[in-house]
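What follows is each chain in one-letter form.
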Amino acid sequence: MSRDQASLLQVEALEKRFVIRRGPWSRPLVIRAVDGVSFQVARGETFGLVGESGCGKSTLARCLLRLIEPTAGRVIFDGVDLGRLRPPEMRALRRRMQIVFQDPFASLDPRMSIAQIVEEPLFVHGIGSREERQAQVDATLELVGIEATYRDRRPHELSGGQRQRIAIARALVLRPELVVLDEPISALDVSIQAQVLNLLRDLQEQLGLTYVFIVHDLAIAEYFCDRLAVLYLGAVMELAGREELFRRPLHPYTNALLSGVPIPEPGRRRRQGRIILEGEVPVLTDHRGCRFRSRCPVGKDRERCAEVEPRLEERGPGHRVACHFPGELVTARP
Ligand SMILES: Nc1ncnc2c1ncn2[C@@H]1O[C@H](COP(=O)(O)OP(=O)(O)O)[C@@H](O)[C@H]1O
Ligand code: SF4
Ligand SMILES: [Mg+2]
């Protein structure tokens, strides 16, 4: 089967721009939060989106599920171009694709009980009788390891880890096929991050889920993802399978990130690595040449990097890199 047929999600040249005005007399500023992103995700796979804060991960996630409207490009879910759907069709499809947000404190309504929070998506989609919905809520709470005695409690009575389990239950109660996990453990204590990751793994196996896993920590990405895309200022710098990417990183940005990578298991103590990136993360408005150049140790003084934006090109099996001089920066992992 070709990848196209096997893939549950196809993203093609996706763009999202925000126009902001700083004041009544200033010129509007266009922020290219997502700037021409393409990738595919196979059924049952965990596809990672990795990048520093502000590189467009959450904006991309929202575009994937059409929680916000992309400026350009296409998202194709199970062969259906989401941009062509009318609102009722999109609503129906939404059952099959869900999201878990980073902050379980902000994402759960404090006035609702745990059972109501988990039941709400079933209610909104008009699924089942009251009894059937309750049974589905109980089954889903059990799946995520929350005891039935918690049904009538409110979110504030729960720990961060328990709250994130409720957020996961709410996403899974409709039994979706695709779940976008937007930094689902980064607001949690290190001691419980591994538990939640392992839960997500078990759930994936039991329910046959496909994950898009958003993360800024490369060690967690390596632990959890089958394939990954490294994002910088709204664009994919490098895309490869886990082994290939971590064994043979070709983009200077990936190399720089990896040189500061902590031990590849969540929950363990971090080792301090060497960070070789200089300069602030810029906000991308208009640019010429390579978007990473202002921080790139390889391309700083190279004319080609200043003039020509590198395209994402195949440099190995399933390994694509957006750089004119791939593999020049090699740094040992600490
Ligand atoms: N609604 C918005 N209006 C204007 N700018 C936005 C909006 N949402 C996000 N941005 C900008 O888009 C960029 C990407 O943000 P985001 O997707 O939240 O990044 P990440 O999730 O990787 O931290 C940032 O520069 C951010 O300030
Ligand atoms: S194209 Fe040039 S500036 Fe950009 S990452 Fe490659 S070497 Fe660095
Ligand atoms: Mg984010």
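So, a few notes on the structure that sits alongside this text. (Residues numbered from 1 in each chain as written. Chains lettered and ligands numbered in written order. Predicted model: local features only at pLDDT ≥ 70, side-chain atom pairs only at ≥ 80, totals over all residues. Heavy atoms only, no water.)

1. Looking at the sheet that holds strand β2 (residues 29-42)
The strands making up a sheet associate through backbone hydrogen bonding, with each pair oriented either parallel or antiparallel.
So, point 1. Strand order in the open sheet formed by 4 strands is β2-β1-β4-β5, with antiparallel pairing between adjacent strands. At either end of the open sheet lies a strand with only one pairing partner, and these are β2 and β5 (80-81).
So, point 2. Sitting on the sheet, helix α2 (residues 57-64) is in contact with β1 (7-20), β2 and β4 (72-77), with an inclination near 120° to β1. (Pairing = 2+ DSSP bridges. Helix = DSSP H or I, 4+ residues; strand = E, 2+ residues; numbered from the N terminus. Contact = heavy atoms within 4.5 Å. Axes fitted to C-alpha atoms, helices over the stretch in contact; angles between N-to-C directions.)

2. So, the nonpolar core
So, point 1. By size, the foremost hydrophobic cluster in this structure holds 58 residues, and its most contacted members are L141, I166, I168, L200, L203, Y211 and F213.
So, point 2. Tallying contributions element by element places helix α6 (residues 160-172) first for this core, with 6 residues.
So, point 3. Here L200 is in contact with I168, L181, P184, Y211 and F224, once residues within four sequence places are set aside.
So, point 4. Counting residues in hydrophobic clusters, the runner-up holds 31 residues, among them V11, V34, V37 and M90. (Core = buried A, V, L, I, M, F, W, Y, C linked by side-chain atoms within 4.5 Å. Buried < 20%, exposed > 50% of the residue type's maximum accessible area, 1.4 Å probe, protein only.)

3. Regarding the packing of helix α4 (residues 114-124) against α6
So, point 1. Taken N-terminus to C-terminus, the directions of α4 and α6 make an angle of 30°; their axes are 7 Å apart at the nearest point. One element, α4, and the other, α6, form an angle in the roughly parallel class. Once α4 is placed against α6, the crossing between them reads as right-handed. Across the interface between the two elements, I114, I117, V118, E120 and P121 of α4 pack against I166, A169 and R170 of α6.
So, point 2. Considered class by class, the residues forming the contact of α4 with α6 number 6 nonpolar, no polar and 2 charged. (Parallel < 35°, antiparallel > 145°, perpendicular 65-115°, else oblique. Left-handed = near helix turned anticlockwise from the far one by under 90°. Nonpolar A, V, L, I, M, F, W, Y, C, P; charged D, E, K, R; others polar.)

Scope: geometric values only; no functional claims are made or implied.
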